[in-house]
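One letter stands for each residue in the lines below.
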Amino acid sequence: MPFSRNRTQFVAVSALVGAMLIWSVSGIAIKHALAVLPPFTMIVLRFVPSVLLMLVIGLVRRKHSLFCLQRMEWKDLPLFLIAGFCQPFLYYLLETFTYDALNSPTIAETLLSTSPLLSPLFAAVLLRERVTKYNIVGILVSTCGVFALSLAGSSDFSIGNYWGILLAFAAVSAAVIDSIMMRKAPLKYSSLSFVFYTQLISLLFFLPIWFLREGPEALKALDWSQATAFGSELNTALICVSYLTVFASVTAFILFCFALRKVGVTQANAFNNIRPAFTALWMFLFFGEHLPVAKWIGIGLIIFGLFVCQKKEKIADY
């Protein structure tokens, strides 16, 4: 029924917008957290509580389809291993190396936001997902908006190590493959179940690296007496990690997984383009960052492109 389809579309789009709103603040939170915490220590402090939180929610809400936690069957383990390895584990590592290899953070951010461009190709090849002309045009328009938003007013366009470009596209590919696994996951697994198992597997990949590079000594080196002192650097960092745990790692991932299963990989990943726009608006509203006309044009192109991408192609009846 048209009403049912429209309602499903509205709910999915609302979930995607909610996820992007949450993730658009993640970069700001990560920046503040990394000012105090070593990178892998921050990741462990973020994902250990998120996995435990989802475990508790899943055990308490056993009868709620979105938040119940099903037992994973061994035959589905390869799917979860691929998803957990790709994101957040591989994506986070490649993202870090990308920023290190490229001279300009602006160039790095722009390249790392190109997942909507790769999604139609991956979805068509691996899922046989139908990609319409509206999807393609909308994604291209929206991506032009991302470039305008990211590059406007930037003066440093030097590349640095050209391997950084390959690393950026490898990171984006990992993120897209993770979304492919979300789509391929059997519907018997709730959104919370998928996110729980993939983040648990990612954490198991992260822990050995944490022990080798930083380890418990990184936690002992922190001045924990400042943890409850409001306004201290450690207190601010822990608040940011708490935000990343509850909202970015749990709420946003569950919303994104739920919506992707409704609208498909291409349309869901197209919404990643709106994250830089939300971030720019947060910086404008709360940090007083100046937004030149070119950035406002970029935001407008992103929003317009998303509307085009969601447009349904009319199929003639014969």
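In what follows, the accompanying structure is described. (Residues numbered from 1 in each chain as written. Predicted model: local features only at pLDDT ≥ 70, side-chain atom pairs only at ≥ 80, totals over all residues. Heavy atoms only, no water.)

The full count for this structure, using the stated rule, is 19 aromatic pairs. Residues Phe85 and Phe89 carry aromatic rings whose centres are separated by 5.5 Å and whose planes lie at 45° to one another, so their mutual orientation is tilted. Note that Phe85 and Phe89 are positioned in helix 3 (residues 77-101) at a spacing of four residues, about one turn of the helix. A relative accessible area of 33% places Phe85 in the partly exposed class. Chaining the aromatic ring pairs together yields one cluster made of Phe40, Phe47, Phe85, Phe89, Tyr91, Tyr92, Phe205 and Phe206. (Phe/Tyr/Trp six-rings, centres within 6.5 Å; stacked < 30°, edge-to-face > 60°. Helix = DSSP H or I, 4+ residues; strand = E, 2+ residues; numbered from the N terminus. Buried < 20%, exposed > 50% of the residue type's maximum accessible area, 1.4 Å probe, protein only.)

Turning our eyes to something else, we now look at the packing of helix 2 (residues 39-60) against helix 8 (residues 191-213). As a packed pair, helix 2 and helix 8 sit with axes 9 Å apart at the nearest point and diverge in direction by 150°. When the axis of helix 2 is compared with that of helix 8, the two are roughly antiparallel. Considering how the two elements wind past one another, helix 2 and helix 8 form a crossing that is left-handed. Of the residues in helix 8, those in contact with Phe40, Thr41, Ile43, Val44, Phe47, Val48, Ser50, Val51, Met54, Leu55, Ile57 and Gly58 of helix 2 are Leu192, Val195, Phe196, Gln199, Leu200, Leu203, Phe206, Leu207, Ile209, Trp210 and Arg213. (Axes fitted to C-alpha atoms, helices over the stretch in contact; angles between N-to-C directions. Parallel < 35°, antiparallel > 145°, perpendicular 65-115°, else oblique. Left-handed = near helix turned anticlockwise from the far one by under 90°. Contact = heavy atoms within 4.5 Å.)

This part is about the packing of helix 8 against helix 10 (residues 233-263). Where helix 8 meets helix 10, the axes come as close as 9 Å, and the angle between the chain directions of the two elements is 125°. As judged from the angle between their axes, helix 8 and helix 10 are oblique. Crossing of helix 8 against helix 10: the hand is right-handed. Note on element contacts: helix 10 touches helix 8 through Ser249, Phe253, Ile254, Cys257, Phe258 and Arg261, opposite Ser191, Leu192, Phe194, Val195 and Gln199. For the contact of helix 8 with helix 10, the per-class residue count stands at seven nonpolar, three polar and one charged. (Nonpolar A, V, L, I, M, F, W, Y, C, P; charged D, E, K, R; others polar.)

A few words now on the pattern of salt bridges. Summed over the entire model, instances satisfying the criterion amount to four salt bridges. Between Lys75 and Glu73 there is a salt bridge; the shortest N-O distance is 3.7 Å. On the basis of relative accessible area, Lys75 is assigned to the exposed category, the value being 63%. Here Arg183 and Glu129 are joined by a salt bridge, their closest N and O atoms 3.9 Å apart. Of this pair, Arg183 sits in helix 7 (residues 163-184) while Glu129 sits in the loop between helix 5 (115-127) and helix 6 (133-151), placing them 54 residues apart in sequence. Residue classification places Arg183 among the partly exposed positions, given a relative accessible area of 32%. For Glu129, a relative accessible area of 15% puts it in the buried group. Connected through salt bridges with shared partners, the residues Glu73, Lys75, Asp76 and Lys188 form a single ionic network. (Salt bridge = Lys/Arg side-chain N within 4 Å of Asp/Glu carboxyl O.)

The subject of this paragraph is helix 5. All of the buried residues in helix 5 are Ser115, Pro116, Leu118, Ser119, Pro120, Phe122 and Ala123. Where the residues of helix 5 are buried, they touch helix 6, helix 7 and helix 11 (265-270). Just downstream of helix 5, Arg128 is the residue with a positive phi angle, here 55°.

Attention now goes to the environment of Lys184. Among the secondary structure elements, Lys184 is positioned in helix 7. Among the residues examined, Lys184 registers a relative accessible area of 44% and is labelled partly exposed. Taking the C-alpha atoms as reference points, Lys184 and Val36, 148 residues apart in sequence, are found 39 Å from one another.

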